[in-house]
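# Report on the structure
Each chain, letter by letter, is given below.
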Amino acid sequence: MKIEKRYLLNYSILIPYLILSILGLIVVYSTTSANSIQSGGNPFSSVLTQGVFWIASLIGVALIYKFKLDFLKNQRLVTIVMWLVILLLIISRIFGAQINGARGWILLGPLSLQPAEYLKIVMIWYLASVFSRQQELIAKSDYYALTQNQFFPRSFSDWRIAVLVSLAVIASLPDLGNATILSLLVVIMISLSGISYRWFATFMGGIAVLSAAVLGAIRLIGVDVVANVPLFGYIAKRFSAFYNPFEDLSDSGHQLANSYYAMSNGGWFGMGLGNSIEKNGYLPEAHTDFVFAIVIEELGFVGASLILGLLFFLILRVLLVGIRARDPFNALLATGVGGLLLTQTFVNIGGISGLIPSTGVTFPFLSQGGNSLLVLSIAIAFVLNVDAAEKKRDLEIQAGGSPGERA
């Protein structure tokens, strides 16, 4: 029985994705047009650039949805892509443009490529491919199966080499936000690989202890001392603002303090779309890292909650695809994407609200950034493809035939 893929499309994922990405275009225009007008530029320049990436994202979603999953499961392909992205990371570290104290952008004329963004989805894809092939070993020998019974990696084919090299390069940029998200993604993927709960508890406990130790050490040593350590000056400012943003309103605390002002201005129902005060030069990165503070200011707590509710609905639907999937690769890929969306949302909101140090992470779908939008769209396309393949398999089984080639 042949079933066309277009009849298996999961609209409970596709429609929220489309709504959020279109809202993102509106938010990008709202947060960038006023400053463009003041500087004598085109008020539509930023949203037009974002629109180009949005169209490219839609094309990418359509193409990836039509891929056969056997293509995505190709171990050689995903390994080549993983190391290619790592190579681009190294190039961006050496030759890339420096923005806000960090490198990581490869300029391509009017556009820029940020390899760290693409590494997020490639990391999920890569680890899903690796761990799905070791399910029997994991079931027998638990965590040590993930290391192939070798405590130290012996070749570049070992997944730990790729993970450690990529994290080291990102940390050297320095890119605190993406390093945080990628580290959490690795922990999530290992935890989902099938290892026992005791290892999951060990990973989470280790992260909690390490985070508390780092925060405590910086507090004890002093932010000023840490700021003098090479590569840590820009990170130290983030921690300084986290401890007390109002202590240095003219420098390290300026961004977080104005984020508080923006959210306070919004109240329950907001000041109205386009009427933000803080985006007019008061809140730096109002169109990227702190865009959700402007959303709260303009749409209020109620409007922002509706957007968050839609995003969390999308995340839950993505996770549900992973939970229901029977194929280990499909399950790991879909739940990994759900973990990415959830982690990036938490890190962004935690940063703008002062719950965690600001890390410079964009808000999913709403922040300006073509690379971020394209990566998240690819992630959604992976999940749509996985869901269609699982549905097709179930329908074939119900029809009394053997599952055909997964498409």
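The numbering scheme is per chain: residues are counted from 1 as the chain's sequence reads. For a predicted model such as this one, the threshold for reporting local features is a pLDDT of at least 70, and the threshold for listing and counting side-chain atom pairs is 80 or more; totals across whole chains, interfaces and linings nevertheless cover every residue. Water and hydrogen atoms were dropped before computing side-chain values, which therefore reflect all heavy atoms in the structure.

### Section: the overall build of the protein
In this description a helix means any DSSP run of H or I spanning at least four residues, a strand means any run of E spanning at least two, and both kinds are numbered starting from the N terminus. The helix and strand tally for the protein stands at 16 helices and 3 strands. The buried label goes to any residue with under 20% of its type's maximum accessible area, the exposed label to any with over 50%, and the partly exposed label to all in between, with areas taken from a 1.4 Å probe on protein chains only. Counting the 407 residues in the protein, one finds 51% classified as buried. With residues, only the protein chains shown are counted as cover, and all accessible areas are computed by Shrake-Rupley using a 1.4 Å probe. Accessible surface computed for the protein: about 18,800 Å², of which carbon and sulfur atoms make up 67%.

### Focus: the packing of helix 2 (residues 45-66) against helix 16 (residues 370-398)
The angle between two axes is taken between their N-to-C directions and runs from 0 to 180 degrees, where each axis is a line fitted to C-alpha atoms and a helix contributes only its stretch in contact. Orientation of helix 2 relative to helix 16, taken along the N-to-C sense of each, is 20°, at an axis distance of 8 Å. Accordingly, the angle class assigned to the pair helix 2 and helix 16 is roughly parallel. Judged by the sense of rotation from one axis to the other, the crossing of helix 2 with helix 16 is right-handed. Here helix 2 contributes Q50, F53, W54, A56, S57, V61, I64 and Y65 to the contact with helix 16, which in turn contributes G370, N371, L373, L374, S377, I378, A381, F382, L384, N385 and A388. Residue composition of the contact of helix 2 with helix 16, by class: 13 nonpolar, 6 polar and no charged. Every angle not falling under 35 degrees, over 145, or within 65 to 115 is termed oblique; those three ranges are roughly parallel, roughly antiparallel and roughly perpendicular. Handedness of each helix crossing follows the sense of rotation of the near helix against the far helix: counterclockwise by less than a right angle gives left-handed, clockwise gives right-handed. A contact between two residues is defined here by any heavy atoms of the two lying within 4.5 Å. Residue polarity follows a fixed list, in which Ala, Val, Leu, Ile, Met, Phe, Trp, Tyr, Cys and Pro are nonpolar, Asp, Glu, Lys and Arg are charged, and the others, Gly among them, are polar.

### Focus: empty space enclosed by the protein
To find leftover empty space, a probe the size of one water molecule is rolled over the atoms. Two kinds of site are reported from a 1 Å grid over the protein atoms alone, namely cavities, where a 1.4 Å probe fits but cannot get out, and pockets, open sets with protein on both sides within 12 Å along at least five of seven lines, and residues are called lining when an atom falls within 4 Å of a point. Grid points are joined across faces, edges and corners, and a volume is the space filled by probe spheres set on the points. Throughout the structure, instances matching the rule amount to 2 cavities of 30 Å³ or more. What lines the largest cavity is simply D289, F290, V347, N348, G351, I352, S358, T359, G360 and V361. Of the residues belonging to the lining of the largest cavity, the class tally is 4 nonpolar, 5 polar and 1 charged. Size it by volume and the second largest cavity reaches roughly 40 Å³. Where the lining of the second largest cavity is concerned, the elements lending two or more residues are helix 1 (11-38) and helix 14 (291-324). No other element matches helix 14, which puts 5 residues into the lining of the second largest cavity. Tallied by class, residues from the lining of the second largest cavity come to 6 nonpolar, 2 polar and 1 charged.

### Overview of the pattern of salt bridges
Salt bridges are defined as contacts in which a side-chain nitrogen from Lys or Arg sits within 4 Å of a carboxyl oxygen from Asp or Glu. On inspection of all chains with the given rule, the structure shows 5 salt bridges. A salt bridge links D394 to R326; the nearest nitrogen and oxygen atoms lie 3.8 Å apart. Of this pair, D394 sits in helix 16 while R326 sits in the loop between helix 14 and helix 15 (328-353), and the two are 68 residues apart along the sequence. With a relative accessible area of 27%, D394 lands in the partly exposed category. For R326, a relative accessible area of 54% corresponds to the exposed category.

### Section: helix 1
One turn of an α-helix holds 3.6 residues; hence residues three or four places apart share an orientation. A helix's residues, less one, multiplied by 1.5 Å, set its expected span. Taking 1.5 Å as the rise per residue, helix 1 with 28 residues should run 40 Å; its terminal C-alpha atoms sit 41 Å apart, in good agreement. If you look at helix 1, its biggest bend is around 35°, right at T32. Taken from the residues just after helix 1, G40 is the one with a positive phi, measuring 80°. The bend at a residue is defined as the angle formed between two axes, one fitted to the seven residues ending at that residue and one fitted to the seven starting there.

### Looking at the side chain of E390
In this structure, E390 sits in helix 16. Charge counting treats Lys and Arg as positive and Asp and Glu as negative, with His and both chain ends excluded. Despite its burial, E390 pairs with no opposite charge, the nearest such side chain being R393 at 5.0 Å.

### Points about the packing of aromatic side chains
Pairing of aromatic rings covers Phe, Tyr and Trp, the last through its six-membered ring, and needs centres within 6.5 Å; plane angles under 30 degrees mean stacked, over 60 mean edge-to-face, and all others mean tilted. One pass over the structure, following the stated rule, counts 7 aromatic pairs. Here F292 and F363 contribute two aromatic rings whose centre-to-centre distance is 4.5 Å and whose plane-to-plane angle is 10°, an arrangement assigned as stacked. Here F363 lies in the loop between helix 15 and helix 16 and F292 lies in helix 14, a separation of 71 residues in the sequence.

### Structural notes on the nonpolar core
Among the nonpolar cores identified, the biggest contains 94 residues, and L127, F292, F365 and I380 are the most heavily contacted of them. If we skip the residues at most four places from it in the chain, L127 touches W159, V163, V186 and M189. Throughout, nonpolar core names a set of buried Ala, Val, Leu, Ile, Met, Phe, Trp, Tyr and Cys residues whose side chains join them through atoms within 4.5 Å.

### A look at the confidence of the model for the protein
pLDDT gives the predictor's per-residue confidence on a scale running from 0 to 100. Taken as a whole, the protein shows an average pLDDT of 82; of its residues, 81% reach a score of 70 or greater. Between the elements of the protein, mean pLDDT differs from a low of 53, seen in helix 7 (residues 143-146), to a high of 94, seen in helix 14.

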